[in-house]
Amino acid sequence: MDVFALRNQLTQDYSDYASSFIQIRDERIFSEVRQSLNEGVFWPNPLIQLNPTFESGGTVTELVEAGLLHPECSRIFRKGKSDGFGIPFPFHRHQREAIEIAGKGYNYILTTGTGSGKSLAYIVPIVDHVLRRGSGKGIQAIIVYPMNALANSQEGELRKFLHEGYPAGKAPVTFARYTGQESNEERQQIIANPPDILLTNYVMLELIMTRPRERQLIERAKGLRFLVLDELHTYRGRQGADVALLVRRVGDRLKTAEQSLLFVGTSATLASEGTYAEQQAQIAAVGSQLFGSVVQPEHVVGETLRRATIPNPDSNTLISDLVAAVAQGENLVAPTDYATFIAHPLSVWIEDNFGLREVGGRLTRQQPRSIEGEGGAALELSQLTGVEIGTCAQVIQRWLLA
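Just so we're clear, the structure is a prediction, and the values are computed from it rather than from any experiment.

*Asks:* With reference to specific residues and values, describe the overall build of the protein chain.
*Replies:* On a plain count of helices and strands, the protein chain comes out with 17 helices and 15 strands. With respect to the principal axes defined by its C-alpha atoms, the protein chain has extents near 70 × 60 × 45 Å. The buried share of the protein chain, reckoned over its 402 residues, is 45%. When contacts within the protein chain are restricted to residue pairs at least 6 apart in sequence, long-range pairs at least 24 apart make up 70% of them. When the accessible area of the protein chain is evaluated, it comes to approximately 20700 Å², of which 51% is carbon and sulfur surface. Taking the average place of the 39 positive charges on the side chains of the protein chain and the average place of its 45 negative ones, the gap between the two points comes to 11 Å.

Here you go:
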């Protein structure tokens, strides 16, 4: 699929639809509106950002062999289990760091971008804890989502890991969603037989803490080990204060002398200013205030990225090769061999402009940007190579599709 052609078709269709019922009698106003429509004022150029490549944290098998995870995790966390076998799940470095911090009993916050596997950074430690302590001993983890859609999605992911590969009713770790979407019969079943992991939202958690009919659920959560707040950045202002007070009440009510409570948070964005160490300190302060429990700056885990392309160490050669490639315009053909593709100067340039940037000696995600328009990548490539902007835009789009 050519996503650029699809976007153009969609915006053209909507433009035709929107303009079909615009009846403006004043010619000057009509001319201004028509010009704005033609210039795309109402549908600006799309912003593009590449999904990055992450540093490896080893496979689940390697973490089990290192003693970081329970042996049963090797059976649970596998990719492609539909065939009954699958392959050991590969973790990113930030996921492994989170697993190690949880294993040492510290609160932590994972702040990584979209598509980085944030949920596994708390699901794996929770599953590991239940396996070590034993299933069926009450609610051992509560995961709080700001929206039911996220809880529903996570329920599907847990089912994939904990149900596939096991006989019906023989899952090694149990879980249930309790968000207000359930029937009365389902709620009664959960109260009577609490799962190891409870998925909920902050409003329902507040109700669970106060309604007499859920008292049994609270009693079975005494000795809770994990309280997870997903999408931490959504808890701001009054809502943030409400949730912070709720977290404190949950902690006071459910922690025991035998079992300390770990607070975990995840977020795609919390701090963007300063060095990485300064960002960690800022996020740790926010987390500590929200949890009512200390989060150390070193326990704020960020993503560790690596390049996918192979840049030429000679920058002059890289630029000259880039000029020669872009100048081919429509005749430029992307290599079909992966090794050749990632070493191509245009691939390197695109990763630098849409994928990665270096800040303080650390690779971070590049800011999303458009191809066309003022400040677009096509203009920058045109200035660098001397090739016409329209040709540069076409070359960039063709390379991204490749």
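*Asks:* Explain the sheet that holds strand 8 (residues 175–177) to me, and be specific about the residues and the numbers.
*Replies:* Judged by pairing direction, the sheet is parallel, and its seven strands sit side by side in the order 8-9-7-10-11-6-12 without closing on themselves. At either end of the open sheet lies a strand with only one pairing partner, and these are strand 8 and strand 12 (300–302). Going from strand to strand, the sheet's axes swing by 15° on average, the running direction of each strand aside.

*Asks:* Lay out helix 16 (residues 377–385) with the relevant residues and their values.
*Replies:* Since the α-helix advances by 3.6 residues per turn, residues separated by three or four positions end up pointing in the same direction. Among the residues making up helix 16, those that are buried are Ala377, Ala378, Leu381, Ser382 and Thr385. Down the axis of helix 16, the buried side of the element spans an arc of 135°, and every buried residue falls inside it. In the core, the buried residues of helix 16 are packed alongside helix 13 (315–326), helix 15 (345–354) and helix 17 (389–401). Within two residues after helix 16, Gly386 carries a phi angle of roughly 80°, on the positive side.

*Asks:* Please set out unusual backbone geometry residue by residue, giving values where relevant.
*Replies:* In this model, Glu231 sits at a positive phi of 55°, which is unusual for a non-glycine residue. The topology assignment puts Glu231 in the loop between strand 10 (226–229) and helix 11 (237–254).

*Asks:* Hey, could you go over the nonpolar core for me, with residue numbers and the actual values?
*Replies:* Counting 41 residues, the largest nonpolar core has Leu69, Phe77, Tyr122, Ile126 and Ile143 as its most contacted members. The biggest single contributor to this core is helix 6 (residues 120–133), with nine residues. Setting aside residues no more than four positions away along its own chain, Ile143 makes contact with Tyr122, Ile123, Ile126, Ile197, Leu198, Leu199, Thr200 and Val228. Ranked by size, the runner-up nonpolar core spans 35 residues in total, among them Ile109, Leu261, Phe263 and Val295.

Here is what the cut-offs are and how they apply
Residues numbered from 1 in each chain as written. Predicted model: local features only at pLDDT ≥ 70, side-chain atom pairs only at ≥ 80, totals over all residues. Heavy atoms only, no water. Helix = DSSP H or I, 4+ residues; strand = E, 2+ residues; numbered from the N terminus. Buried < 20%, exposed > 50% of the residue type's maximum accessible area, 1.4 Å probe, protein only. Contact = heavy atoms within 4.5 Å. Areas by Shrake-Rupley, 256 points an atom, 1.4 Å probe, with all protein chains shown as cover. Lys, Arg positive; Asp, Glu negative; His and termini not counted. Charge placed at Lys NZ, Arg CZ, Asp CG, Glu CD. Pairing = 2+ DSSP bridges. Axes fitted to C-alpha atoms, helices over the stretch in contact; angles between N-to-C directions. Arc of directions from axis to C-beta. Core = buried A, V, L, I, M, F, W, Y, C linked by side-chain atoms within 4.5 Å.

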